[in-house]
Amino acid sequence: MTSTHDVVSGTPTTERLPIAALAALFTAGFITTLTEALPAGVLPQMSHALAVSESVGGQTVTIYAVATMLTAIPLSIVTSSWPRRRLLVIALIGFLVANLVTAISLDYTVTMIARFIAGAASGVTWSILGGYAQKLVGPALKGRAMAVAFAGTPVALSLGVPVGAFLGQVVGWQLTFGIITALSALLIGWSLWKLPDFPGQKLAERLPVLHLLRLKGLRTILVVTGLYVLAHTVLYTYIAPVLAGVGLEAQVQWILLDFGIASILSIWLTGVFVDRHHRRLVILSTVLFAVAATALSLDASSPIVDYIAVGFWGLAFGGAATLFQSALMAASGDHADAAQPLQVTMWNAGIGLGGLIGGVLLAGFGTESILVAVALMVAATVLIVVVARRHAFPHRR
């Protein structure tokens with residue numbers, strides 16, 4: 001068997017998953033998501049230390065998503081010709097510096113600047129993660145490799161953020177960010193040791209953004225990604241007030257644990273079947289999410305309905321990043337590295353708009369409107385996916 005270390009610029013010949021290399025990509029995704037979401041888990045302590053209200057402190061999450069959305073495409077254009085490992089290491093250094101500053105700063109403005117830097121590092125990481133994973137393996141294992149690489153996100157949301165929130169209460173929020181800083185330093189060393197390098201794309205080969213959007217199926221994939229993430233973010237952000245509205249506020253942490261366990265199971269199932277049944281999995285993901293949202297909108301007051309529906313939602317969401325990224329990379333072909341930042345932008349636009357739209361619905365129409373809106377958005381993704389069977393989500397590539 002050819003080691004991944006022998007593969008520097010050509011097509012890899014290994015027929016087994018390169019676990020050490022994929023562990024680096026998994027951990028990069030884990031750090032990216034944990035850095036983004038951790039302030040939400042330690043918000044009271046962090047806001048108090050920075051001498052701001054919790055609503056103002058919560059903007060440390062918003063600015064991260066905004067930075068990712070604004071910088072993903074410009075940075076990908078500037079760095080398109082850079083070797084992939086060097087680019088990933090630079091992004092990890094960005095996380096290290098940003099989290100270190102966050103850990104030691106008690107000034108809100110300085111913290112917000114650090115969070116913007118972290119968001120920009122996130123845009124770079126997500127723009128290359130899927131392509132890096134696929135280059136590590138042969139054609140038969142591309143989907144499985146991506147599933148491993150993207151598993152860091154749901155693991156961070158389901159396990160990392162709750163553990164981080166617990167550590168924030170036990171040892172303090174600053175030391176918690178210090179732990180992520182140390183993890184970033186360890187990952188830099190591991191990446192330099194275990195990740196093979198791959199060349200970037202020659203400038204002459206790179207399509208302009210407007211030309212990329214003309215590739216068959218690409219715009220459809222981006223629309224589905226944005227709608228799906230928007231619906232997920234609205235529901236995930238406001239699930240606590242939704243449950244509190246029906247007298248189940250004491251069940252929030254357990255229902256979210258249900259979501260996390262189902263998401264992790266979804267990661268494994270996606271990795272097993274994505275290479276052979278991609279279209280079926282995309283349809284199943286959108287349909288499960290639609291069923292979950294519809295069930296919650298009809299009877300969120302029933303704990304049994306809530307646990308089953310949220311379990312379906314977790315099964316739908318866990319592998320979603322892998323499914324949409326795989327679709328985009330297949331549709332964009334040799335231009336995948338240039339197309340990935342478009343999806344990163346759409347993903348983070350969904351996150352940013354999700355908090356805003358959900359807040360408007362909650363304030364203006366109540367929790368029922370959130371569930372109805374989510375159900376309608378996901379129903380639209382089901383319809384688009386089912387219809388888009390020629391180029392965006394075909395049976396066979």
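Residues numbered from 1 in each chain as written. Predicted model: local features only at pLDDT ≥ 70, side-chain atom pairs only at ≥ 80, totals over all residues. Heavy atoms only, no water.

Here we look at the domain arrangement of the chain
- By the assigned domains, the chain splits into domain 1 (19-205) and domain 2 (209-388).
- Here the C-alpha centre of domain 2 lies 21 Å away from the C-alpha centre of domain 1.
- The interface of domain 1 with domain 2 comprises 33 residues on the first partner and 29 residues on the second.
- Between domain 1 and domain 2, roughly 2,400 Å² of surface is buried when both sides are summed, and carbon and sulfur atoms account for 65% of that area.
- On the surface where domain 1 and domain 2 come into contact, there are zero salt bridges.
- Our count for the contact surface shared by domain 1 and domain 2 stands at four residue pairs in polar contact (both at pLDDT 80 or more).
- Going through the elements one at a time, α4 (59-78), α6 (108-135), α7 (142-150) and α8 (152-170) are the ones with two or more residues in the side of domain 1 that touches domain 2.
- Per element, the largest residue contribution to the side of domain 1 that touches domain 2 is nine residues, and it comes from α6.
- Grouping the constituent residues of the side of domain 1 that touches domain 2 by class yields 17 nonpolar, ten polar and six charged. (Domains from an automatic or database assignment. Contact = heavy atoms within 4.5 Å. Buried area = accessible area lost by both parts, 1.4 Å probe. Salt bridge = Lys/Arg side-chain N within 4 Å of Asp/Glu carboxyl O. Polar contact = N/O pair within 3.5 Å; in protein donor to acceptor, adjacent residues only side chain to side chain. Helix = DSSP H or I, 4+ residues; strand = E, 2+ residues; numbered from the N terminus. Nonpolar A, V, L, I, M, F, W, Y, C, P; charged D, E, K, R; others polar.)

Structural notes on helix α5 (residues 84-104)
- For α5, spanning 21 residues, the distance from its first C-alpha to its last is 31 Å, which sits close to the expected 30 Å at 1.5 Å a residue.
- What α5 keeps buried is the set Arg84, Leu87, Leu88, Val89, Ala91, Leu92, Gly94, Phe95, Ala98, Asn99, Thr102 and Ala103.
- In this structure, the buried side of α5 is in contact with α1 (19-41), α2 (43-50), α4, α6, α9 (173-194) and α17 (336-365). (Expected span 1.5 Å × (residues − 1). Buried < 20%, exposed > 50% of the residue type's maximum accessible area, 1.4 Å probe, protein only.)

Some words on the nonpolar core
- Grouped together as the largest cluster of nonpolar side chains are 112 residues, with contacts concentrated most on Leu25, Leu136, Phe289, Val374 and Phe393.
- Here this core spans two domains, and each of domain 1 (19-205) and domain 2 (209-388) adds at least three residues to it.
- With residues up to four places along the chain from it excluded, the contact list for Val374 reads Ala231, Val234, Leu235, Phe289 and Ala293. (Core = buried A, V, L, I, M, F, W, Y, C linked by side-chain atoms within 4.5 Å.)

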